[in-house]
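Coordinate inspection notes
Here is what each chain is made of, one letter per residue.
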Amino acid sequence: MQKEASLDTVVALGNVERAAKNLKGVIYKTPLMKNLWLSQTYEAEIYLKREDLQVVRSYKIRGAYNKISSLSSEEREREIVCSSAGNHAQGVAYACQLLGIKGYIFMPAATPAQKVNKVRLFGKDMVEVVLTGATYDDTFQAAKEFCDGRGSTFIPPFDDLSIIEGQATVGLEIFKDADFSIDYLLMPIGGGGLASGLSSVFKQVSPQTRLIGVQPLGAPSMYNSIREKKRQSLETIDSFVDGAAVKCPGEITFEICRELLDDVILVPEGQICEDILKMYNEEGVVLEPAGTLTISALKTLAEEIKGKNVVCVISGSNNDITRMEDIKERAMQHQGLKHYFMVTFNQKPGALRTFVNRVLDPEDDIIHFQYIKKNNKEKGPVFIGVEVKRPHDVENIKLRMLEEGFAYEYLNGRQDFLNLFV
């Protein structure tokens, strides 16, 4: 059952049309493409809105340009500031270059060089990148202090009506390009700017469409907030899906999403990694984790969407090639093919031979082994990684370890711990 739209929580369609005119000649009108492989897999008509093909490889240029171009001449002279670890930074930088406005882009100190270089490429001589802070929150604080000290204009990533209206032009394009009735519209959610814009448009032009927001399991800020009926700030998040890893949704975006979205679902980071690899291998499409959220949601909705017309918004493709090993690792853990243990070995000759010969199956492969013999102790811990052929094989390994007297702790799911070793 779809929710009724309240005029208080809907972005005006006329403002979105105005934003679309403002963006003409600045952005690409990205295609709405039917994907045959996904359609066959899920027995539905699956269409992808390809914002990964946008000029800065994400939709963020829409909101950034719409906001910055609407600034007064006085605000432009005071220069602008933003903080971002990626796509918002690139959108702001490109807008600064096009509009001839000086901008300061604050990014975390550990931001990969590829992302920093892209910001400089899009901004040219109109932006200055400031690398500071160990976390995004540190960077945001530094940017705000800098901005307040200079009296500059801060460009928020999502919690601003001009930003939301710019992102909403994605929805306007989808509706105008679709020559079919859209049953489901799936959209990624970080802070909620894109989802607020899309849901506002579709509640007015296609009220029968079911609007589904998608967040990563490790950063469920909007999901939690909607269920608690008030904004919730997460104490910790898994920042792997960096484009959607937001601790707290915006005030404006929360109110719009709470009112208009029919549901918000969570997808595990491992499933996202699996789908990144599948989209690359099957379709030759390179996506970032946040850009894959809606594709991963199809698995959760598989029974519900059979025979339906489904549009998935693909939000971006700014993925660093150096992350692929981590992506593959997480995908294989999610598939149940890689398993990690801390095993207690008796420090006597033959313990390792016993483990290999009696605990592991001939098809199992040891992929990680770290053991430090301590002469003053009878037992020592060993960190072991095992790759199996079938997911259920791990249960046999656990059973045989107990039978052979090997005490162990199973570490899958302890991502913080595994990051230290793998």
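Data block above holds the structure.
These figures come from a predicted structure and were not determined experimentally. (Residues numbered from 1 in each chain as written. Predicted model: local features only at pLDDT ≥ 70, side-chain atom pairs only at ≥ 80, totals over all residues. Heavy atoms only, no water.)

With that settled, the discussion passes to the overall build of the protein. Scanning the protein from terminus to terminus reveals 18 helices and 14 strands. For a compact globule of 422 residues, the expected C-alpha radius of gyration is about 22 Å, and the protein comes in at 24 Å, within 12% of that figure. Referenced to the eigenvectors of the C-alpha coordinate spread, the extents of the protein come out at roughly 80 × 55 × 40 Å. For the protein, the proportion of its 422 residues judged to be buried stands at 54%. (Helix = DSSP H or I, 4+ residues; strand = E, 2+ residues; numbered from the N terminus. Rg over C-alpha atoms; globule rule 2.2 N^0.38 Å. Buried < 20%, exposed > 50% of the residue type's maximum accessible area, 1.4 Å probe, protein only.)

On to the sheet that holds strand β4 (residues 103–107), then. Working definition: the strands of a sheet are paired by backbone hydrogen bonds and lie parallel or antiparallel to each other. The four strands are arranged β5-β4-β3-β6 in an open sheet whose pairing can be described as parallel. Because the sheet does not close on itself, it has two edges, and the strands there are β5 (127–131) and β6 (153–154). Inspection of the sheet shows strand β3 (residues 80–83) paired to β4 by four bridges, in the parallel sense. Bridge pairing links Val-81 to Tyr-104 in β4. Sitting on the sheet, helix α7 (residues 136–150) touches β3, β4 and β6, and the angle it makes with β3 is about 170°. (Pairing = 2+ DSSP bridges. Contact = heavy atoms within 4.5 Å. Axes fitted to C-alpha atoms, helices over the stretch in contact; angles between N-to-C directions.)

Turning to the pattern of salt bridges, a few remarks are in order. In the structure shown here, the tally under the stated rule is 27 salt bridges. Here the residues in one salt-bridge network are Lys-49, Glu-51, Arg-62 and Glu-173, joined through shared partners. (Salt bridge = Lys/Arg side-chain N within 4 Å of Asp/Glu carboxyl O.)

Now for the packing of helix α8 (residues 161–177) against helix α9 (residues 193–205). Two elements in contact, α8 and α9, have axes separated by 7 Å at closest approach and are oriented at 45°. Here α8 lies oblique to α9, going by the angle between them. By crossing handedness, the relation of α8 to α9 is classed as right-handed. Between α8 and α9, the residues in contact are Ile-164, Gln-167, Ala-168, Val-170, Gly-171, Leu-172, Ile-174 and Phe-175 and Gly-193, Leu-194, Ser-196, Gly-197, Leu-198, Val-201, Phe-202 and Val-205, respectively. The residue inventory of the contact of α8 with α9, partitioned by class, reads eleven nonpolar, five polar and no charged. (Parallel < 35°, antiparallel > 145°, perpendicular 65-115°, else oblique. Left-handed = near helix turned anticlockwise from the far one by under 90°. Nonpolar A, V, L, I, M, F, W, Y, C, P; charged D, E, K, R; others polar.)

Topologically, Lys-115 is positioned in helix α6 (residues 113–123). Looking at Lys-115, the relative accessible area reads 8%, which means it is buried. When neighbours within four sequence positions are excluded, Lys-115 is seen to be in contact with Ala-85, Gly-86, Gln-90, Met-107, Asp-242 and Asn-318.

Judged by pairing direction, the sheet is mixed, and its six strands sit side by side in the order β1-β2-β10-β7-β8-β9 without closing on themselves. For this open sheet the edge positions go to β1 (32–34) and β9 (263–267), each flanked by a neighbour on one side alone. Adjacent strand axes in the sheet meet at a mean angle of 25°, parallel and antiparallel pairs treated alike. In this sheet, β9 lies alongside strand β8 (residues 210–216) in parallel orientation, the contact comprising five bridges. Looking at β9, one finds that Gly-213 is bridged to Val-264. The strands that helix α10 (residues 221–228) touches are β8 and β9; relative to β9, the one it contacts most, it runs at about 140°.

Turning to unusual backbone geometry, a few remarks are in order. In the Ramachandran plot, Arg-57 falls in the positive-phi region, its phi being about 65° despite a non-glycine side chain. Position of Arg-57 among the secondary structure elements: in the loop between β2 (45–50) and α3 (60–69).

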